[in-house]
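# Understanding the architecture of this molecule
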Amino acid sequence: MSTAEAAGQREEGEYGRAAKRLKTEEKETEAEEREEGEEELEEGEDSDSGSLPGNGESAADSRARWSASQCGGGVGRRDNGKDSHRISPSPVVHVRGLCEAVVEADLIDALEKFGPICYVMMMPFKRQALVEFSAVESADCCVSCGAKEPVYIAGQQAYFNYSTSKRITRPTNADNPNSGNKVLLLSIQNPLYPITTDVLYTVCNPIGSVLRIVIFKRNGIQAMVEFESVQCAQKAKAALNGADIYAGCCTLKIEYARPTRLNVIKNDNESWDYTKPYLVRRDRGKGRQRQAILGEHPSSYSDNGYGPPCPLLPLPGNSRYKLASVDVPDMVSYPLPQSSSSYSGHAPSSVAMVSGLHPSKMNCTRIFNLFCLYGNIEKVKFMKSVPGTALVEMGDEYAVDRAITHLNSIKVFGKRLNVCVSKQHAVIPSQVFELEDGSSSYKDFAMTRNNRFSSAGQASKNIIQPPSAVLHYYNVPPCISQDHLLRLCTEHDVPGFIKFKMFDAKPSSKTISGLLEFDSKTEAVEVLTVLNHYQIRIPNGSNPYTLKLCFSTSSHL
């Protein structure tokens, strides 16, 4: 079992006037920062003392004694019941083999019989979790019982072993209910659809009264949600941590935040104060405003955002929640996904306009290599009348929204991209000309096999990720070494990587995968733009291998 590095999330709220928005920096949980090739992961935790004093000491002791009498002592074991490499007993248990629909409340429901639980860290994409008990005896009982007889979580057998660390890292005082912390930090993983305040309010408010929401996109898509009380925040974390907002995507990973109160200065799609429903930003220094002949926008362009809700959907696993019926409704109305263009007042379009392109280093294929990470690409056309600008027709407006969210304002070959929704609804191959590199200004990608969202199953394997300094490579022949990849970078005049990691592959595997770390995010973006889908030919091979690259969830190796 491999051990991930530091876990826990660190956020620093700023409420500066210049930014006009809550700014947050968070250190991502690195146990989530592994690619598909790695299995049996644990998150690293710190060794600080302290736990959630939710139950009295006498109750904890009595429960631990009861558990020990039922299970007996034990050591770390593999799921097949055989002795594994010995791991010293720890209050933190690593849980594997969870079903996709499991949430934090399911783990608490199934494992609290072994003893009081202090904290739960979900790893939804790996179908794993860390559970911290208040006493080592409780964790020992959990591991021992799991080795002797099946333990089911949400109807599926799970497997247990000790963590190599003694405590799960969380924000200061986050594990102390007396700290008055009623603000949750939500990280939305694999956000295939836009996330707005309307969406989060619809999801969170049925669990507990929501006062304020702030969404920020500094490191992926995250949000802070302030509840009316600590108890409401605790119920929401248990009920929603690990759940999907939409089927198969927009997965919630929830931690307690450091701020105890959010400061909202404007009600819109990215921040909202529900205690001040008419809060609007004041225009300063602009003097008298022009009179609008017809007043406000027509109703069809209102800021309601996501329109009418879709049919009621069951709250994930609500039958297993140990919450009173008055606290959690049986049904939650989830909103229909819409693109950002819908709630920003523009007609939705599946065409993105990209400007700021390098005239000699960017072409249709390289635009495809970069934008295909966020949706299918149908056509790409450079505009003859506007140098350095291209139209990119994608599979739908949601893909355009994802591309705008993650690629707008990034630097590629020394020029900053500007990505926005185009007024065009389709790309028409007119005025085709030759670009500086000799390639055509227009290319149709509708039938290429390199599109990564052609089916629901294929799309679900893509983790939507903002650009990072670490690239995940895959579909590479086993004979390719680190030197081969470095030479490939040199031959194509792109920066070389500074760190290299190859994932362990099965003996029968025909391809290998791994991670490449670069000096900066900009370098990684340029390498991906040039080398994504490069054809690797091997001696005596009938067909070439298509090198595939994407941004990793890891921040470093």
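The structure we're discussing is the one just above.
Residues numbered from 1 in each chain as written. Predicted model: local features only at pLDDT ≥ 70, side-chain atom pairs only at ≥ 80, totals over all residues. Heavy atoms only, no water.

## Topic: the overall build of the protein chain
- When helices and strands are counted, the protein chain shows 11 helices and 30 strands.
- Burial status across the protein chain gives 49% buried among its 557 residues.
- In the protein chain, the proportion of contacts linking residues at least 24 apart, taken out of those at least 6 apart, comes to 73%.
- Accessible area for the protein chain stands at about 26,000 Å²; split by element, carbon and sulfur atoms hold 48% of it. (Helix = DSSP H or I, 4+ residues; strand = E, 2+ residues; numbered from the N terminus. Buried < 20%, exposed > 50% of the residue type's maximum accessible area, 1.4 Å probe, protein only. Contact = heavy atoms within 4.5 Å. Areas by Shrake-Rupley, 256 points an atom, 1.4 Å probe, with all protein chains shown as cover.)

## Section: empty space enclosed by the protein
- Applying the stated rule across the entire model yields five cavities of 30 Å³ or more.
- The residue inventory of the lining of the second largest cavity, partitioned by class, reads six nonpolar, two polar and three charged. (1 Å grid on protein atoms, 1.4 Å probe; cavity = no way out; pocket = protein on both sides within 12 Å on 5 of 7 lines; lining within 4 Å. Points joined across faces, edges and corners; volume = space filled by probe spheres on them. Nonpolar A, V, L, I, M, F, W, Y, C, P; charged D, E, K, R; others polar.)

## Observations regarding the pattern of salt bridges
- Per the stated rule, a full pass over the model turns up six salt bridges.
- Note that Lys182 and Glu226 form a salt bridge whose closest N and O atoms lie 3.8 Å from each other. Residue Lys182 is located in the loop between β9 (156–162) and β10 (183–189), and its partner Glu226 is located in strand β12 (residues 221–227); the two are separated by 44 residues in the primary sequence.
- Classification of Lys182 by relative accessible area gives partly exposed; the value is 21%.
- One salt bridge in this structure joins Asp268 and Lys266, with 3.6 Å as the shortest N-O distance. (Salt bridge = Lys/Arg side-chain N within 4 Å of Asp/Glu carboxyl O.)

## Description of the nonpolar core
- Within the largest apolar cluster, 92 residues are counted, with the highest numbers of intra-cluster contacts made by Leu370 and Phe371.
- For this core, the element with the highest residue contribution is helix α11 (residues 521–531), accounting for six residues.
- The residues contacting Leu370, other than those within four sequence positions of it, are Leu407, Ile410, Val412, Leu417, Val525, Leu528, Thr529 and Phe551.
- In terms of nonpolar packing, the next biggest core, distinct from the first, is built from 26 residues, Val102, Leu111, Cys141 and Ile153 among them. (Core = buried A, V, L, I, M, F, W, Y, C linked by side-chain atoms within 4.5 Å.)

## A short note on the sheet that holds β10
- Read from one edge of the open sheet, six strands run β13-β14-β10-β12-β11-β15, paired in antiparallel fashion. Each having just a single partner strand, β13 (244–246) and β15 (271–273) make up the two edges of the open sheet. Strand after strand, the sheet turns through a mean of 25° between neighbouring axes, direction not considered.
- As paired elements, β10 and strand β14 (residues 249–256) share six bridges and run antiparallel to each other. Within β14, the residue paired with Leu186 across the bridge is Ile254.
- Packed on one face of the sheet, helix α4 (residues 197–204) meets β10, β11 (210–216), β12, β13, β14 and β15 and runs near 135° to β11. (Pairing = 2+ DSSP bridges. Axes fitted to C-alpha atoms, helices over the stretch in contact; angles between N-to-C directions.)

## A look at the pairing of β12
- Most of β12 sits out of view: seven of its seven residues are buried.
- Where β10 and β12 come together, six bridges link them in antiparallel fashion. Residue Ser187 lies in a different strand from β12, and its bridge partner there is Gln222.
- Sheet analysis places β11 next to β12, joined by six bridges and oriented antiparallel. Residue Ile215 lies in a different strand from β12, and its bridge partner there is Ala223.

## Topic: helix α2 (residues 104–111)
- Across the eight residues that make up α2, a large majority, six, are buried.
- Among the residues making up α2, those that are buried are Glu104, Ala105, Asp106, Leu107, Ala110 and Leu111.

## Side note on the sheet that holds strand β25 (residues 470–476)
- Spatial ordering of the open sheet is given by β26-β27-β25-β30, a layout of four strands whose pairing is antiparallel. Edge strands, defined here as strands with exactly one partner in the open sheet, are β26 (499–502) and β30 (548–551). Taken over all neighbouring pairs, the strand axes of this sheet differ in orientation by 20° on average, direction set aside.
- Against the sheet, α11 touches β25 and β30, its axis set at about 150° to β30.

Function cannot be read off these values alone, since they describe shape.
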